[in-house]
Every structure is written in C-alpha cells, then in structure tokens.
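Next come the chains, spelled out residue by residue.
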Amino acid sequence: MYNVCDVVSDNALSALVQQVKAHVKNGSSGVGFAVHNDNSLDQLSSSCMRHLLELRSKTEKPFTTATMFDSMLSYLQDISTIQHDFEQHAMPVASKANAQMAWNALICRMFDDATMQQVQEWLYISLYCLSRLIKTHSSEMGHLLQGFTELTNYEDDASCEDTESDVFAIYEQISRDSNAMSSFVSAFIHSCKLLVEIRALAYLQITIKQAVDRIIEDKVQSHAQQWEVPCLEAICAEMSNIATMLDALLPPPTQSHLKYVEDQVYTQFAQLRVHELFGIIIDYPDSKAAIDDLRLCVQRHRSMYKIAYSLRASIQERLLHPGATTSDILTQYISAIRCLRLLDPSSTMLEIVARPIREYLRTRDNTVSCIVQDMVSEESGLFEDMANQTSDTSAVNGRAEGVVFDEDCSQPWEPLPVEAKTIYKTAQRRDADVLSLLVSIYDTQDIFVDEFEAYLAKQLLNSVDFDTEREIKQVEMMKLRFGAEALERCEVMLKDVADSKRIWHNANTNEADNAYSTLVISRQFWQQQQQQQQTATNEQFVLPPQMSYVRDRFAKTFEALRPARKLDWRDSQSLLDICIEVQGRSIKVNDVRPAQAAVLFAFQETPRMSLHEVAQVMESSEDFVLPRVRFWQTRGVLREAGNVFETVEVSPDDVADDNRAQDMVSNSDEEEEEEAGPPEADAQSEALRMHFNYIVGMLTNFGPLPLDRIHSMLGMFIPGDTTTPDELRAFLTQMVREDQLDMSGGMYKLK
C-alpha cells in the first residue's frame, strides 16, 4: 500500500506499473496479452500522466477569491475527462480491474503535497461559507441542500468571528444575492461528486479531516472568553450540519464524519475552557454557563484528573505567591470550591486543586482575620451562606464534627472513584460546605472564635451610640456555626454594652451630659483589653480639670448604681470631638485622644510654652508629650518658634496658610490613630520609618499598590514584622501628609 500522505515517487510509480503488467500477463481470465499490449498500457499511462501533470501545473496558483469554487470545479472536470479517455483507451489492452489499478496509481501521483494543500484550502473555505450561510440564510440553504442533509436550527449569540479575514470577504461575496449563493452550493456539490468519481477520495481522508479540524478550531476559538452564555450546544449543532453534509457528499471509508466531528468539538472545546479555567473561576458566578459546558466535556472524555492537575499548576504559578493578597487567594479558593463541585460532584477534583491552596494559606499570618472579615461582611458570599443557615438537625450534627454539609452541591449518592480513595482523608470533607472547608484549613476552630471576639470588641468600642443590632445578628450566626459555648465571651460583651446604655441614661440628667458616653466593660471577658493592659506602658499624665470633672461626675453615679465595682479608665481607647476657636477661626477635630486634648488645654492657659513646661503641666515626660504636641502642630493649631511652642495667631499674611491647615483638618476623620496612640505606637511609627525604603522599592517596581498588598509584601521582606494593617495605614497616611506618597482610589504611589 502507498502512503497517501506522501508524494508517490517515480520509482514507486514504475514499480506499480510493473505490477500491473504482471497482473495482465497472468490474469485470472487466462487470456494472455502480447508484448505490444504491455507497451500499449505503459504508453497509455505515461501519456495520461503527462496530461495530468500539465493540468496540475496550470492550477498551482492558490485559490484566494470567490472564483476559486468555479476554478476547482473546472479542474476536477478536466481530471474527470482525462479519466474517461484513459478508461476508454485502456479497455482494449487491459481488464477493468487492471485499468482501475493503473488509474489509481496515476491519481495518487497527481495529488501531491501542493495539490493536497489546495484541496484542503478549497474545502476549508467552502465549509466556512456553508456554515455561515446555514446560520444566516437557513431557509434558502435548507432548500439548496435538500436531499443531502437536514439542517439543525440553533442560536449562537456568543460567537465572535473575525470579520476582517479574507475568508469572511469571500463569504460576503457569496451571500450578496441568491444567485451567487445557489452557484456556490451547486459548484461545491458537483465538485464533491467529481472527487468521488475520479476515485481521489481514498487519498483525501486526512486532507478532509484537516479542513474539518480548522473549521472546528475557528468555531471554538470564536467563543474564547465568552463565559456568560452556553456555547457548546451551538457549536455542536453548527458542526453537525457540516458533518452530515460531508457524510452524504464525501462518504468516509470507516468512521463517519459526524462521529469524528463530535469527538473533535468536545476535545478542542475542552482544551479551550481548561486553558481559561483560572479566569472562569475568577468570574464565577457570571461564568457558570462555561462551567456547565466544561462539565459536559468532562463527562464525555473522562478527563477529570488531567483538568485538575492542570488547574492546580496554574493556581500555583499565578496565585500562590507573595504578590497576591490573602483576601484575593481566599476569594479565588471560594470560587474554585463552587466551580469544581459543579464540574465534579464527587469533589475529587476539588481536593486535588485545593491541597496546595490550603497549605499556602496556613503560612499566611492574616488568613484567619480575612476569613472572619468575609464571614461578617454583608457583601460577601460567606455572610449570605451563614445568614441562610438554620439550626436544623443536620447543622447541629455537622457542627459537632466541625463540618456542615453543603445543600447547594447535594447530588444523588455515588461511591467515590477508585483513585479518590487515596485523596480524601475523611468522607465528611467531601460534602462539607464552603465555610467548613475554610475552617478546616486549621486543626482547631478556636482561632476563628478568638479572631471574631477581637473583631467584635473593636466594633463595640468604636460604637458611640450603643447600637448593637448588627453585632447581635453576627453573634447569633456564629453561634449556629461554632456553638453557644464558644461564643460566651461575645454574649458578655453585648451585655456590657446594654448595661452601659442603661447606666448612661441614668447618669445623664441634662442636655450637657449627653455630650459624652461611657462604655463600661467586664475586663476579664474582653480579650483585647487584657492584651493591651499587659503591653501598656507606665506613662501617666494628669487630666485637665475640665475633663476630670466630667469623669468624676460619671464615676459617682456609677458607684451609686454599682457599689461593688470600681472604674478603671482606659485613656488609650477614649475619643473626643473638639471644636477649637483661635481669634475668629473655628477648627473641628474628631477622634482626639485624652492626652492630645490635655496638651491643648495646657496651651489654653499659657499660649506659649516649652516642651519641658508642657510636660510639667501634664506631669508626664517630654518623650510622651512631644508626639501629642506635633499632632496639633500638623493641624495648624500650634507652631514651633525656636525652643518653644505657641498657638498660631491669625494675620493677613497667614490667612492662606490657615486655610490650608483648615483643609487638612477637615479630613482628620480619615486619618489613623498612630500619633494619637500610646507611646508604643510612636515606637512603631519610628520602626515603620525604617521600613520606608522597602515600601519605596515596592512602589517603584510594582507601581501603585493597595494597603493589604503592601502589608503582605512587608511580611515577606521583613520576617518577624508585627505591624498590623491599621498601624501601616496610619503610617502611610502620615507619609501622604508629609508629601512622600500619593493616595488615590485606595492605591498608594510615589510622588
């Protein structure tokens, strides 16, 4: 047999002719041919070959216009004419079978690589135009192709084909009027019949498949990045029309074109979606249609493990690195859980993909805090999951083991695949919901409860109106997840706020008293306060009479209501709103610490003092007082004159400067509490100034960055760094005030 993919050489052709001659001499008919008969067959074959090669040389130019269809038809008609003449002249000197063998050898020689390429291009363009015409002119094409195929109607809104290509230009020439369309279809059908008639089909099977593959690739690639609507069904319907027509016009010797096309569509479409799977997961749930299409491919080809390991490699390369924030990694992980459970209800793919993500998240210091933030944020999917959670029997049973079953992903029970038995450590994690999978990253759920307690304490301390409706809802949801016993401290915190609200109403007997509120907490149940007390410094200062008078009045009222208790004031958590009047101008500053307010009261009595004198008035150290003085200096209330500080006087020359100071103060509610904190905050600020070179390097190399990205990269570059996001935000805000950085849209960048 001859390889139809290769050009038949002269030696191979000569050997074939010799075989034909031998067959003629010793034919089964028993009739022998004289030597001149052999020479006649040889001469006839050589003459026919010259005509075929001459015809081929005239058509070596590639087909690039709409006239290519008529050119191909004419070319095949000429070959058919030569075939007819050859068979007529061969009949007197050879049997029909021998003549056919000789003709097959000539056709094999005729269809060399260049001719195969021309046929493939003609068939590809023809199939492209047919597929588009069937989609845009279905009724006309149904009439023209009647008897060859039954067209399948379909809708395809996601396709985005290249309208600038040369092939599309040929299609436009054909689709202009019905006559051109009819002529094209007629030429294609006639050409296909001629290919069968000249017996070239046996040598064109690979060429036909290559043309079909190109069409499928075009159709599949036209749906790239189209994840919002289903695409697979439309591609299959479109290509089934083409395959059915090919089966009728160019019948294959073995497997039907329809079966081949279906396999190729699913294979190429799966390859495209697997390549895009990382982006599909990011866009979930908007990309759910793409997941549904990919699930059909997975069910057909059983390529689950190949897809899982490909996605895992992509995630490790593109997501699990120091440049990605923990919140982004968690968001991607949550989307991956939902997507992969749609692809594979057994969750085997999920376990393969999730293992490196879970291991990497355990190395991040802020993973727990990010998960808790998602649990309490009303905009997150985790909050919706918790809000929809009920205290039914299954939830209680699941909570006992730290697992709640995911009802959204429930499927009819099926045994795990054999390969999956070595992947899962427990059967429960297979059916656990999203939050249970996040909690199971760590061996204990206590760290999540502790983190929620810290979050709740911060929220309650920052609430000045005693409104705890939102916090109560959060605690109730957490109790359903982690149990009531684990949330006992949180219950005490909420009770302290409720009790403080009643005491505040009893203590405030007039409108002036309503200007302040006091939160009385049970120290042993507020973990955050215990930690702050252990790290607190011994620095003390004396409150001015105006402030101590308010405290003393409230303390007396409290002792009357609760005789067995004594108040221990926490100045580091106290906040004041101050309105300052300096010779005709008014400045309002919010969230001022008592120590900062004490500095201002000191200058109210004496407008000009040295740092030593201010420290004496406050009965504190100069190191403690200096940052508080600087606080008012940056807000245009105080200024430094030599070795002393004084209140800023207004003059005509200073009006512009004072207006700028007023603008700075108007945004004080957005500034953090670094300068307003206790002395350890000042030490932290100095440490961050030492790290500023690292921050400058980040912004130089990566461009504008958000706060959480800078914080995560600092942890990578400076092992053991304990800077919190709030402290870093305060420092970056200070750098913006000092004109070292710019901040726009939550992104920090160099000036």
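About the thresholds
Residues numbered from 1 in each chain as written. Predicted model: local features only at pLDDT ≥ 70, side-chain atom pairs only at ≥ 80, totals over all residues. Heavy atoms only, no water. Pairing = 2+ DSSP bridges. Helix = DSSP H or I, 4+ residues; strand = E, 2+ residues; numbered from the N terminus. Axes fitted to C-alpha atoms, helices over the stretch in contact; angles between N-to-C directions. Contact = heavy atoms within 4.5 Å. Parallel < 35°, antiparallel > 145°, perpendicular 65-115°, else oblique. Left-handed = near helix turned anticlockwise from the far one by under 90°. Nonpolar A, V, L, I, M, F, W, Y, C, P; charged D, E, K, R; others polar. Buried < 20%, exposed > 50% of the residue type's maximum accessible area, 1.4 Å probe, protein only. Core = buried A, V, L, I, M, F, W, Y, C linked by side-chain atoms within 4.5 Å. 1 Å grid on protein atoms, 1.4 Å probe; cavity = no way out; pocket = protein on both sides within 12 Å on 5 of 7 lines; lining within 4 Å. Points joined across faces, edges and corners; volume = space filled by probe spheres on them. Arc of directions from axis to C-beta. Expected span 1.5 Å × (residues − 1). Salt bridge = Lys/Arg side-chain N within 4 Å of Asp/Glu carboxyl O.

Chemist: It is not clear to me how the sheet that holds strand S3 (residues 608-610) should be interpreted in this structure. Could you clarify?
Modeler: Two orientations exist for strands paired in a sheet by backbone hydrogen bonds: parallel and antiparallel. The strand order across the open sheet formed by three strands is S3-S5-S4, and the pairing between neighbours is antiparallel. Only two strands of the sheet have a single partner each, and these edge strands are S3 and strand S4 (638-641). Strand-to-strand, the axes of this sheet are offset by a mean angle of 30°, without reference to chain direction. In terms of strand pairing, S3 meets strand S5 (residues 644-647) through three bridges, oriented antiparallel. Among the inter-strand pairings, methionine 609 is bridged to a residue of S5, identified as phenylalanine 645. Along the sheet, helix H27 (residues 594-605) contacts S3, S4 and S5; its crossing angle with S5, the most-contacted strand, is approximately 80°.

Chemist: Explain the packing of helix H9 (residues 205-221) against helix H11 (residues 257-275) to me, please; I cannot follow it from the model alone.
Modeler: Geometrically, a packed helix pair is captured by the angle between its two axes and the distance between the axes. Where H9 meets H11, the closest approach of the two axes is 10 Å, and the angle between their N-to-C directions is 40°. As the angle between them shows, H9 and H11 are arranged oblique. Where H9 crosses over H11, the two elements pack in a sense that is right-handed. Taking contact as the criterion, the partners of Gln205, Ile208, Lys209, Val212, Asp213, Ile216, Glu217, Val220 and Gln221 in H9 are, on H11, His257, Tyr260, Val261, Gln264, Val265, Gln268, Phe269 and Leu272. Residues of the contact of H9 with H11, tallied by class, amount to nine nonpolar, five polar and three charged.

Chemist: Honestly, the packing of helix H5 (residues 113-136) against helix H7 (residues 166-174) in this entry has me stumped. Any pointers?
Modeler: Relative orientation of the contacting elements H5 and H7 amounts to 55°, with a least axis distance of 10 Å. When the axis of H5 is compared with that of H7, the two are oblique. The element H5 and its partner H7 pack so that their crossing is right-handed. Contact residues: H5 offers Tyr124, Ile125, Tyr128, Cys129, Arg132, Leu133 and Thr136, while H7 offers Val167, Phe168, Ile170, Tyr171 and Ile174.

Chemist: Explain unusual backbone geometry to me, please; I cannot follow it from the model alone.
Modeler: Residues other than glycine predominantly adopt negative phi, and peptide bonds predominantly adopt the trans conformation. The peptide bond linking tyrosine 284 to proline 285 adopts the cis configuration, its omega dihedral lying at 10°. Take proline 285: it is sitting in the loop between helix H12 (277-283) and helix H13 (288-301). Phi at arginine 199 is positive, roughly 60°, even though this residue is not glycine. Tracing the chain through its elements places arginine 199 in the loop between helix H8 (178-197) and H9. Look at arginine 199 and you get partly exposed, because its relative accessible area is 24%.

Chemist: Mind showing me how you'd approach the nonpolar core here?
Modeler: Note that soluble globular proteins tend to have their nonpolar side chains buried in a common cluster. Judged by nonpolar contacts, the single largest core of 146 residues is most densely connected at Phe69, Trp122, Leu127 and Phe452. In this structure, leucine 127 is in contact with Phe188, Val212, Ile215, Ile242, Met245 and Leu246, ignoring residues within four places of it in sequence. Judged by nonpolar contacts, the second largest core, of 28 residues, contains Leu543, Ala595, Val614 and Phe624.

Chemist: Explanation requested: empty space enclosed by the protein in the structure shown.
Modeler: Leftover empty space is mapped by rolling, across the atoms, a probe with the size of a water molecule. The full count for this structure, using the stated rule, is five cavities of 30 Å³ or more. Along its surface, the largest cavity is lined by Asp496, Asp499, Ser500, Ile503, Val520, Ile521, Ser522, Phe558, Arg562 and Arg565. Here the lining of the largest cavity gets four residues from one element, more than from any other, and that element is helix H24 (residues 488-507). Class assignment for the residues of the lining of the largest cavity results in four nonpolar, two polar and four charged.

Chemist: Hey, could you run me through helix H32 (residues 692-702) in this one?
Modeler: All of the buried residues along H32 are Phe692, Ile695, Met698 and Leu699. Down the axis, H32 shows its buried residues gathered within 115° of arc, on one side only. Residues Asn693, Thr700 and Asn701 are exposed on H32 and point more than 90 degrees away from its buried face.

Chemist: Is there a simple way to think about H11 in this case?
Modeler: Note: α-helices contain 3.6 residues per turn, so residues at a spacing of three or four share the same orientation. In a regular helix each residue adds 1.5 Å, so 19 residues correspond to 27 Å; H11 covers 27 Å between its end C-alpha atoms and thus fits that length. Restricting attention to buried positions, one finds in H11 the residues His257, Tyr260, Val261, Gln264, Val265, Tyr266, Gln268, Phe269, Ala270, Leu272 and Arg273. The secondary structure elements touched by the buried residues of H11 are H9, helix H10 (232-249), H12 and H13.

Chemist: Explain the pattern of salt bridges to me, please; I cannot follow it from the model alone.
Modeler: In a structure, side chains of opposite charge can pair up when their charged atoms sit close to one another. Applying the stated criterion to the full structure yields 16 salt bridges. Between arginine 214 and glutamate 121 there is a salt bridge whose closest N-O contact spans 3.0 Å. Residue arginine 214 is found in helix H9, and its partner glutamate 121 is found in helix H5; the two are separated by 93 residues along the sequence. Judged by relative accessible area, which is 26%, arginine 214 ranks as partly exposed. Accessibility expressed as a relative area gives 25% for glutamate 121, which makes it partly exposed. In the salt-bridge network here, residues are joined through shared partners; they are Lys259, Glu262, Asp263 and Arg300.

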